[in-house]
Amino acid sequence: MQGRSRISLVCVCLLLVTTSVQSTGIARAASRMLLLASQTQSGPDALVSTPSGAALRTGPGTGYRVIARLAVKTPLSLTGRNATSTWFQARTATSSTGWVLASQIKVLLPNVKSLAIMSAGLPAGPRPAPLPAPLPAHSPAGPLENVNIGKLRAIFQKGQKLGNRARAFSKIGDSSVRDQQFLYGFGLNKQTLGAYSYLQATIDFFSIPARPGFANSFVNESLAAVPAFNAAAAFDASWTSWTDPNKVCSAEEGPLDCELRVV
């Protein structure tokens, strides 16, 4: 009874806020919170119904990244839907939130239209204002958040003193870098920059030969990128035979040391 009283109090407070402030956004938020409060009493809003399970994605479509794989009968709280109710925004018992395909779940709510229509996680509404025009090529870029620019500049300057080339860079990674041709489009001049055309100067800056046989750093087949690569492997000479089929590296060099030396 104590839990029901608490929920009732929340409902009354939300209704008072909704009545006193005529705001569509607050009203929508209040209705969603009321819905979540009611779920505390009545159980899940939906269950995964397909025997093979369901994918929880970052957005309403199969092109969005998969957050988690949900087993059959996984309980879900529904917090929104798309306009056609073919996708539902859902939250699991572990608080993972994403989108699930309607055909992969059994909806237990009596009326799915009570759910707010969402657009990739945000309430559907007026289109946002257009972005400002891109910065001209000569203007400095905006500040980078959570990056110590001073430290990066010091690393660059130290590299210059050691004789490193300012107009070359190296790629380090696993199969997503080596097998998926990461950044290749820029090196082959096949990119479409659109509103970001001011970045062409940066691409041109790095469009010099990276090492013999490679036109630039964008298309360079890095000696520090190979499927299943990890941070420790970058310094492990035993991995060089996997990353260096053409025997460019010496026997004692790790993949990263070799890549930096030849580039």
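Cut-off values and rules
- Residues numbered from 1 in each chain as written.
- Predicted model: local features only at pLDDT ≥ 70, side-chain atom pairs only at ≥ 80, totals over all residues.
- Heavy atoms only, no water.
- Helix = DSSP H or I, 4+ residues; strand = E, 2+ residues; numbered from the N terminus.
- Buried < 20%, exposed > 50% of the residue type's maximum accessible area, 1.4 Å probe, protein only.
- Contact = heavy atoms within 4.5 Å.
- Areas by Shrake-Rupley, 256 points an atom, 1.4 Å probe, with all protein chains shown as cover.
- Disulfide = S-S within 2.5 Å.
- Lys, Arg positive; Asp, Glu negative; His and termini not counted.
- Salt bridge = Lys/Arg side-chain N within 4 Å of Asp/Glu carboxyl O.
- Polar contact = N/O pair within 3.5 Å; in protein donor to acceptor, adjacent residues only side chain to side chain.
- Arc of directions from axis to C-beta.

Summing up its helical and strand segments, the protein has 8 helices and 9 strands in all. Here the protein holds 263 residues, and the buried ones make up 30% of them. Within the protein, residue pairs in contact and separated by at least 24 positions form 54% of the contacts whose partners lie at least 6 positions apart. Within the structure as shown, the protein displays about 16,900 Å² of accessible surface, and the carbon and sulfur contribution to it stands at 60%.

Attention now goes to the state of the cysteines. On inspection of all chains with the given rule, the structure shows 1 disulfide. Covalently, Cys249 is tied to Cys258 through a disulfide, its sulfur atoms 1.8 Å apart. Handedness of the Cys249-Cys258 disulfide follows from its S-S torsion of about -90 degrees: it is left-handed. By the burial criterion, Cys249 is buried, and Cys258 matches it.

With respect to the helices, strands and loops of the structure, Arg57 is situated in strand 2 (residues 54-57). Buried charge without a salt bridge: Arg57, with Asp174 as the nearest opposite-charge side chain at an N-O distance of 19 Å. A distance of 3.2 Å separates a polar side-chain atom of Arg57 from the backbone oxygen of Thr62. Those residues in contact with Arg57 that lie beyond four places of it in its chain are Thr62, Tyr64, Arg65, Val66, Ile67, Trp87, Gly98 and Trp99.

Time to look at the pattern of salt bridges. This model, assessed by the stated rule, comprises 1 salt bridge. Measuring nitrogen to oxygen at the nearest pair gives 2.6 Å for the salt bridge that ties Arg261 to Glu253. Exposure remark for Glu253: the relative accessible area of 12% places this residue in the buried category.

Here Glu259 is to be found in helix 8 (residues 255-262). Only 2.8 Å separates the side chain of Glu259 from the backbone nitrogen of Leu223, close enough to count as a polar contact. Excluding its chain neighbours within four sequence positions, the residues that come into contact with Glu259 are Ser170, Lys171, Asn220, Ser222, Leu223 and Ala224.

Quick look at helix 8 now. Restricting attention to buried positions, one finds in helix 8 the residues Pro255, Leu256, Cys258, Glu259 and Val262. When helix 8 is viewed along its axis, its buried side chains cluster within an angular range of 160 degrees and face the same direction. Residues of helix 8 that are buried in the fold lie against helix 7 (240-243).

Bringing unusual backbone geometry into the picture now. A negative phi holds for most residues other than glycine; trans holds for most peptide bonds. We note that Ser85 has phi near 55 degrees; this positive angle belongs to a residue other than glycine. Within the secondary structure, Ser85 sits in the loop between strand 4 (75-81) and strand 5 (87-91). Here the phi dihedral of Ala228 falls at roughly 70 degrees; this positive angle occurs in a residue that is not glycine. Structurally, the position occupied by Ala228 is in the loop between helix 6 (200-205) and helix 7.

Function-wise, these values are silent; they only describe arrangement.
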